[in-house]
Amino acid sequence: MALRGGTRFAVRFEDVFPAGCALVPESMGEVEDYDEKTGRRSPAKDKLTGQRVWQVRVMDLDPELGKRSRETTVKISADYQPVPPTGAPFEAVEFDGMTVTPYVSNNNRMAYSLRATGLRAPAGVAKKAAV
């Protein structure tokens, strides 16, 4: 089986963030493409869905990370900017429709990009709010 560059693999949120994750305050923003010929920026579009692309920084809450970096970026493909559940600083969230795209970075190391189709309050938090 041959894999093409940019192949996205479906993953479960729990497999990527086993201890959950929290939004970094004020980190949500639209991704922009840059055209070198014209020097203009334009809203990025997902190559598979055609939807706009947003990105958010999150802190991985996994205690096994030790001193390694906990911050990562997740890109979200959606027609409109996703809205955090409460807007509180460092609020816990979960992502729907997660995929991972492995690639070789500029320094020849294995890296990956995380994508999702949406974000929401963690299932446990939603259940407590309904009670």
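Cut-off values and rules
- Residues numbered from 1 in each chain as written.
- Predicted model: local features only at pLDDT ≥ 70, side-chain atom pairs only at ≥ 80, totals over all residues.
- Heavy atoms only, no water.
- Core = buried A, V, L, I, M, F, W, Y, C linked by side-chain atoms within 4.5 Å.
- Buried < 20%, exposed > 50% of the residue type's maximum accessible area, 1.4 Å probe, protein only.
- Helix = DSSP H or I, 4+ residues; strand = E, 2+ residues; numbered from the N terminus.
- Contact = heavy atoms within 4.5 Å.
- Pairing = 2+ DSSP bridges.

Caption draft 1: Representation of the nonpolar core within the structure. Counting residues in hydrophobic clusters, the biggest one holds 18 residues, and the most contacted among them are Phe-17, Val-56, Val-58, Val-74 and Phe-95. By residue number, the principal contributor to this core is strand 6 (residues 53–60), which donates 3 residues. If we skip the residues at most four places from it in the chain, Val-74 touches Phe-17, Trp-54, Gln-55, Val-56, Val-58, Phe-95, Leu-114, Arg-115 and Ala-116.

Caption draft 2: Structural detail: the pairing of strand 10 (residues 110–116). In terms of strand pairing, strand 7 (residues 71–77) meets strand 10 through 3 bridges, oriented parallel. For Val-74, the partnering residue across the bridge sits in strand 10 and is Leu-114. Here strand 9 (residues 99–104) runs beside strand 10; their pairing, made up of 6 bridges, is antiparallel. Within the sheet, the bridge partner assigned to Tyr-103 lies in strand 10 and is Ala-111. With antiparallel pairing between neighbouring strands as the criterion, strand 9 and strand 10 make up a hairpin whose turn holds 5 residues, including Asn-108 at a positive phi of roughly 60 degrees.

By themselves these figures say nothing about function.
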